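Structural overview for review
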There are 2 protein chains.
Amino acid sequence: MAVVMETLPGFRDFYPTECAARNALFTAWREVARRFHFLEFDSPILEPLELFTEKSGEEIREQLFTFEDRGGRKVALRPETTPSLVRLIGTRAASLKKPIKWFNITENFRYERPQKGRLRSFYQFNVDIVGEDSYSAEAELIALAIESFSIFGLSRQHFYVRLSDRQIWVLWLKALGIGESSLQLGLLNVLDKWERRERKDLEKDVSHCLPPAANVQEFLIRAEKLRQSSTLQEIRGCFDALNPNDALKEAVDQRLLTWEKLLAELDALQCGSFVQMDLGIVRGLAYYTGFVFEVFEASLDGRALAGGGRYDLLFEKLTGHSLPAVGFAVGDVTLVDILQKYRLLPKVTFSLDCFVIFENSTRKQALQDVGHLRQNGLSVTYALGESTVSKQFKKAFEYNPNFILFYGSDELSNNQVQVKHVTTHNVALVEREKLANFVCNYTTGSKRE
Amino acid sequence: MAVVMETLPGFRDFYPTECAARNALFTAWREVARRFHFLEFDSPILEPLELFTEKSGEEIREQLFTFEDRGGRKVALRPETTPSLVRLIGTRAASLKKPIKWFNITENFRYERPQKGRLRSFYQFNVDIVGEDSYSAEAELIALAIESFSIFGLSRQHFYVRLSDRQIWVLWLKALGIGESSLQLGLLNVLDKWERRERKDLEKDVSHCLPPAANVQEFLIRAEKLRQSSTLQEIRGCFDALNPNDALKEAVDQRLLTWEKLLAELDALQCGSFVQMDLGIVRGLAYYTGFVFEVFEASLDGRALAGGGRYDLLFEKLTGHSLPAVGFAVGDVTLVDILQKYRLLPKVTFSLDCFVIFENSTRKQALQDVGHLRQNGLSVTYALGESTVSKQFKKAFEYNPNFILFYGSDELSNNQVQVKHVTTHNVALVEREKLANFVCNYTTGSKRE
């Protein structure tokens with residue numbers, strides 16, 4: 001007797017109730033995508049290793065499930081789906097109508113220490129707009145991100161969006177005289193970890209990245225001020241204090257104008273109240289180039305529920321086709337946590353239209369009708385095997401069907417069947433030919449989904 | 001520039017049209033399961049290696065995608081789902097209501113040579129009844145298998161079911177004096193490959209498995225006769241010719257009675273015309289213990305489309321809980337092939353309810369209504385970025401929406417929007433507050449799915 005009675009750590013079995021709950025998330029995500037007219041695509045769970053090593057950040061690379069297949073190919077289970085999206089779109093870049101609005105629902109794999117909110121296998125709703133460089137793509141995507149939470153009944157009291165901008169940070173670093181992109185990237189990474197670091201560790205991080213002559217303390221104070229800005233005016237103030245040259249000043253003005261338009265667009269889309277300027281958000285991945293955002297739980301111990309941003313250079317880097325892009329992803333694990341917390345998990349029901357009961361002598365006719373009712377789209381079951389009528393009735397009530405159909409030989413000699421509507425206890429004698437109609441009409445608008 | 005522009009061999013990208021077609025299969029499978037009241041479960045794609053080596057046949061073991069994870073665990077991508085089903089049910093064997101009627105839709109992985117009808121990653125619809133030893137479980141399952149093809153419009157002229165029985169073969173081997181189960185299993189494997197082998201290879205195979213004194217030619221002739229039996233009477237004849245002892249005769253009688261009941265039950269369920277007795281079917285996997293069946297394409301070069309059977313000993317072997325079981329699986333690749341052949345692939349449409357067009361001055365109001373319409377369940381899109389009205393109209397027609405909504409500043413000053421029903425060219429002026437209602441009511445029963 002072999003007993004492999006457990007999944008791998010960080011992986012999940014889904015019994016019917018849990019599977020229905022998971023599928024309800026997927027159904028809601030697909031519904032949101034439909035309303036915003038995004039089309040679903042998919043790509044393999046197993047991919048050539050290089051697809052991910054070329055693009056993903058260091059952290060993801062260290063968490064890959066990777067191995068050699070029987071043909072000696074280096075392969076990996078997907079930790080994310082963006083590289084595959086880039087392949088699909090890159091392959092048909094010329095023929096696809098822009099903007100490309102696509103989504104998928106993926107199982108992703110990361111070898112992390114399993115803990116609250118983190119598993120080694122998890123599901124993601126990934127949404128991208130490719131081929132559109134306007135701020136209005138960000139607005140559309142953030143509106144969709146908000147809808148993908150509010151569709152479950154979550155509202156502003158439960159979550160909000162922290163909106164930031166890597167371009168502002170890059171302009172600010174330039175105003176500080178830090179023009180080299182590798183230095184910029186290093187400092188963006190420091191800024192990304194800011195909230196989680198002690199002051200003295202931050203000093204160390206910053207001094208590693210700044211030019212030798214720079215004043216670390218001054219950098220920290222100025223950066224904190226920009227991080228804390230909550231209006232465009234405050235951002236402008238942070239720049240003015242650095243006396244930028246005219247070209248830089250013009251670039252900042254342009255960027256703040258784009259911010260204004262984006263905020264107005266979000267207001268128009270009725271998302272304004274959800275969105276909070278927060279330059280503390282930087283996002284870890286190196287490929288973001290503009291606006292970035294995270295959806296956050298609104299409670300004090302709030303965690304990130306989703307994140308995304310603009311990545312205008314990745315397509316060119318990976319495929320040679322220059323295509324601006326913006327995308328975001330939400331995971332199932334933290335979503336289920338917050339839905340549970342506020343008792344907003346979609347309700348799971350396994351509705352059954354008919355349970356059919358028969359005598360030995362009426363088995364044949366009863367099963368004929370079972371086939372007929374099912375072909376009419378009704379869900380029907382009966383007791384397998386050969387059992388007494390009383391046992392069948394006992395079983396029927398365990399299933400809590402909408403209707404119990406009893407094939408007594410007396411009624412059947414008149415071509416009739418006893419139909420009991422379980423919740424009302426109403427009983428009717430119905431001709432066999434009219435069963436499907438009777439049940440469907442009885443059910444429409446009340447019982448059937 | 002890194003170019004990883006291809007999937008691994010035997011894996012597939014799904015562009016929106018292909019993804020929608022795949023999802024249409026899944027939707028149809030779920031609909032069949034709902035009608036028969038089977039509940040969906042799921043289990044990880046990655047499992048401990050031993051889960052599969054303990055149970056799966058040799059062929060599957062050689063085709064595993066298997067590796068060591070970062071924690072040194074031997075793991076494998078699932079080649080099939082039955083071992084995981086056994087774990088889920090075995091873990092809660094006592095508390096689950098019997099019979100357990102479960103299904104799942106899985107991505108499975110086998111390292112085979114990619115060819116027509118075979119890929120390295122494919123999807124399966126897996127359906128099982130656990131905890132019921134009556135023939136009526138087989139009947140229910142075969143009826144469901146048939147429905148999972150006929151729901152697409154396939155009928156008896158396209159496919160049929162070959163029904164066989166490992167118990168008959170075991171009884172027949174006993175009647176030949178072959179009682180040892182390892183010999184029996186060897187000969188069942190030979191019978192499984194019968195159709196694909198040359199006569200002289202068959203002779204060799206059989207002589208390897210038979211006791212030294214046995215007459216190979218006689219075995220082949222008698223086996224062929226049983227293989228060709230198409231009635232219960234002919235099966236009985238095959239046994240009578242061997243002069244079985246009384247106990248064996250009684251066992252054969254019992255079994256043929258069960259056959260009679262199963263065939264009658266299939267008739268009652270209106271499946272009789274689909275089912276053909278065919279003892280040539282044995283099924284490769286070692287764990288089948290009773291009735292086995294395959295769904296076959298009806299054309300001359302017909303291929304197996306699905307298969308299954310009873311496996312009453314597997315639960316006991318793997319979990320210690322004795323639970324009779326019967327199951328089957330259908331794959332997506334051969335199904336799509338036959339649906340394509342008969343032009344029965346579900347039609348794919350990406351319906352769009354509204355395309356919204358606005359002037360610069362009406363952008364805000366238009367986008368407000370976009371949000372409102374979407375919250376009312378309508379699918380809505382508009383041109384991202386800032387473009388002229390005529391460019392927006394051009395784009396709108398590319399999308400083929402049901403309605404085009406035009407926010408002209410004149411109409412809007414009267415709080416009205418121009419709504420054009422695209423197929424009829426009807427145009428109406430509609431008040432903003434009544435837009436959702438207008439579109440929903442116009443659409444109900446005609447355009448919306």
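The rules we used
Counting restarts for each chain, with residues numbered from 1 along the sequence as it is written. Written order decides the labels, with chains lettered from A and ligands numbered from 1. Reporting in this predicted model follows two pLDDT cut-offs: at least 70 for local features of residues, and 80 or more for side-chain atom pairs to be given and counted; totals over whole chains, interfaces and linings ignore these cut-offs and use all residues. Calculation of side-chain values draws on the structure's entire complement of heavy atoms; hydrogens and water are dropped beforehand. Note on conventions: DSSP H or I runs of at least 4 residues are helices, E runs of at least 2 residues are strands, and numbering of each starts at the N terminus. In this treatment the radius of gyration is a C-alpha quantity, and the globule benchmark scales as 2.2 Å times the residue count to the 0.38 power. The buried label applies to any residue whose accessible area, calculated with a 1.4 Å probe on protein chains only, is under 20% of its type's maximum; exposed applies above 50%, and partly exposed to all values in between. We call two residues in contact when some of their heavy atoms are within 4.5 Å. Only the protein chains shown count as cover for residues, and all accessible areas are computed by the Shrake-Rupley method using a 1.4 Å probe. The charged-residue count follows a simple rule in which Lys and Arg add positive charge and Asp and Glu add negative charge, with His and chain termini not counted at all. For this purpose, a charge sits on NZ of Lys, CZ of Arg, CG of Asp or CD of Glu. The copies were overlaid with a least-squares fit restricted to C-alpha atoms from residues scoring a pLDDT of at least 70 in each copy. DSSP calls a pair of strands paired once it identifies at least 2 bridges connecting them. Residue ranges for the domains trace back to a domain assignment, done automatically or taken from a database. The salt bridge definition used is simple: a Lys or Arg side-chain nitrogen within 4 Å of an Asp or Glu carboxyl oxygen. Summed over both partners, the accessible surface that disappears when two parts come together, traced with a 1.4 Å probe, is what is meant by buried area. For the purposes of these results, a polar contact is taken to be a pair of N or O atoms within 3.5 Å, where, inside protein, one atom must be able to donate a hydrogen and its partner to accept one; residues adjacent in sequence count only when each atom of the pair is a side-chain atom. Three classes are used, and their members are as follows: Ala, Val, Leu, Ile, Met, Phe, Trp, Tyr, Cys and Pro are nonpolar, Asp, Glu, Lys and Arg are charged, and the others, Gly among them, are polar. Only the contacting stretch of a helix is used when fitting its axis, a line to C-alpha atoms as for every element, and angles between N-to-C directions run 0 to 180 degrees. Any angle between 65 and 115 degrees counts as roughly perpendicular, while under 35 counts as roughly parallel, over 145 as roughly antiparallel, and the rest as oblique. Crossing chirality is assigned from the near helix's rotation relative to the far helix, an anticlockwise turn below a right angle marking it left-handed and a clockwise turn marking it right-handed. Note that the arc is computed from the directions linking the helix axis to the C-beta atoms.

1. Things to note about the overall build of chain A
Assigned secondary structure in chain A consists of 17 helices and 16 strands. Taken over the C-alpha trace, chain A has a radius of gyration of 29 Å; the compact-globule value for 449 residues is 22 Å, which it surpasses by more than 25%. Looking at chain A as a whole, 57% of its 449 residues are labelled buried. Summarising the internal contacts of chain A: among those between residues at least 6 apart in sequence, 68% fall at separations of at least 24. As presented, chain A carries roughly 18800 Å² of accessible surface, and 48% of it is formed by carbon and sulfur atoms. Positive and negative side-chain charges of chain A, numbering 56 and 59 respectively, have mean locations separated by a distance of 3 Å.

2. Quick word on the relation of the copies chain B and chain A
Here chain B sits on chain A after a turn of 180° about the axis and a move of 0.0 Å along it, with an RMSD of 0.0 Å. What the superposition gives is, in effect, a two-fold axis relating one chain to the other. Minimal C-alpha distance to the rotation axis in chain B is attained by Phe-67 of chain B, lying at 3.1 Å. The share of interface residues of chain B whose copies in chain A are also at the interface is 100%, consistent with both copies meeting through the same surface.

3. A word on the environment of Gly-307 of chain A
Residues and elements named next belong to chain A. Locating Gly-307 in the fold gives a position in strand β10 (residues 304-310). Since its relative accessible area comes to 6%, Gly-307 is described here as buried. Taking the C-alpha atoms as reference, Gly-307 lies 6.1 Å from Val-295; in sequence the two are twelve residues apart. Not counting residues up to four positions away in its chain, the partners in contact with Gly-307 are Arg-283, Phe-293, Glu-294, Phe-328 and Ala-329.

4. Some remarks on the pairing of β10 of chain A
All names here are of chain A. Burial analysis of β10 places six of its seven residues in the buried class, which makes it a mostly covered element. Inspection of the sheet shows strand β9 (residues 291-297) paired to β10 by five bridges, in the antiparallel sense. Across the sheet, Glu-294 pairs through a bridge with Gly-307, a residue of β10. The hairpin turn running from β9 into β10, its antiparallel successor, is six residues long. Bridging between β10 and strand β11 (residues 325-331) involves five bridges; their strand directions are antiparallel. Looking at β11, one finds that Gly-309 is bridged to Gly-327.

5. What to know about the domain arrangement of chain A
For chain A, the assigned domains are domain 1 (16-341) and domain 2 (354-443). A straight line from the C-alpha centre of domain 1 of chain A to that of domain 2 of chain A covers 55 Å.

6. So, the pattern of salt bridges
Scanning the entire structure with this criterion turns up 63 salt bridges over all chains. With a closest N to O distance of 2.7 Å, Arg-118 of chain A and Glu-112 of chain A form a salt bridge. Put simply, Asp-205 of chain A and Arg-197 of chain A hold a salt bridge, and the shortest N to O gap is 2.8 Å. Residues joined in a network through salt bridges with shared partners are Glu-31, Arg-34, Arg-35 and Glu-147 of chain A together with Asp-353 of chain B.

7. Observations regarding the interface of chain B and chain A
Taken residue by residue, the interface counts 109 residues in chain B and 109 residues in chain A. Across the interface of chain B and chain A, roughly 9100 Å² is buried in total on both sides, 57% from carbon and sulfur atoms. Three residues stand out in chain B for area buried against chain A, namely Tyr-15, Arg-70 and Leu-384 of chain B, and they jointly supply 8% of the buried area on that side. Counting the contacts that link chain B with chain A gives eleven salt bridges. Notably, a salt bridge pairs Asp-13 of chain B with Arg-87 of chain A, separated by 2.8 Å at the nearest N-O pair. In this assembly, chain B and chain A are joined by 45 residue pairs in polar contact (both at pLDDT 80 or more). In terms of residues, the side of chain B that touches chain A owes the most to one element, helix α1 (residues 16-35) of chain B, which gives nine residues. Of the residues belonging to the side of chain B that touches chain A, the class tally is 46 nonpolar, 22 polar and 41 charged.

8. Some points on the packing of helix α6 (residues 166-175) of chain B against helix α9 (residues 216-228) of chain B
Residue and element names in this part refer to chain B. Across the interface, α6 lies against α9 with an axial gap of 12 Å and an inter-helix angle of 150°. Relative to α9, α6 is oriented roughly antiparallel. In this structure, α6 crosses over α9, and the sense of that crossing is right-handed. In contact with Ile-168, Trp-169, Trp-172 and Leu-173 of α6, α9 contributes Phe-219, Arg-222, Ala-223, Leu-226 and Arg-227.

9. A few points about unusual backbone geometry
Residues and elements named next belong to chain A. Residue Lys-98 is joined to Pro-99 through a cis peptide bond whose omega torsion reads -5°. Structurally, Pro-99 can be placed in the loop between α4 (82-91) and β5 (100-109). Backbone geometry at Asn-243 places phi at a positive 45°, although glycine is not the residue there. Tracing the backbone through its elements, the reader meets Asn-243 in the loop between α10 (232-240) and α11 (246-268). On the basis of relative accessibility, which here comes to 67%, the residue Asn-243 falls in the exposed class.

10. Quick notes on the sheet that holds strand β15 (residues 416-421) of chain A
Residue and element names in this part refer to chain A. As summarised here, the arrangement of the five strands in space is β13-β12-β14-β15-β16, forming an open sheet in which the pairing is mixed. Because the sheet does not close on itself, it has two edges, and the strands there are β13 (380-382) and β16 (426-431). The average undirected angle you get between the axes of adjacent strands in this sheet is 25°. As judged from the three bridges shared by strand β12 (residues 354-358) and β13, these two strands associate in the parallel manner. Following the sheet pairing, Val-356 is matched in β13 by Tyr-382.

11. Remarks on helix α8 (residues 199-209) of chain A
Residue and element names in this part refer to chain A. Those residues of α8 that sit buried are Leu-202, Asp-205, Val-206 and Cys-209. Around the axis of α8, the buried residues are gathered within 95° of arc, so they sit on the same side. Residues of α8 that are exposed and angled more than 90 degrees away from the buried face: Lys-200 and His-208. In the core, the buried residues of α8 are packed alongside α7 (181-193) and α9 (216-227).

12. Some remarks on the sheet that holds strand β8 (residues 275-277) of chain B
Residues and elements named next belong to chain B. Spatial ordering of the open sheet is given by β1-β5-β6-β11-β10-β9-β7-β8, a layout of eight strands whose pairing is mixed. Edge strands, defined here as strands with exactly one partner in the open sheet, are β1 (39-40) and β8. Bridge count for strand β7 (residues 159-165) against strand β9 (residues 291-297) is seven bridges, and the pairing is antiparallel. Bridge assignment links Leu-163 to a residue of β9, and that residue is Phe-293. Helix α4 (residues 82-91) rests against β5 (100-109) and β6 (121-130) of the sheet, and its axis sits at about 145° to β5.

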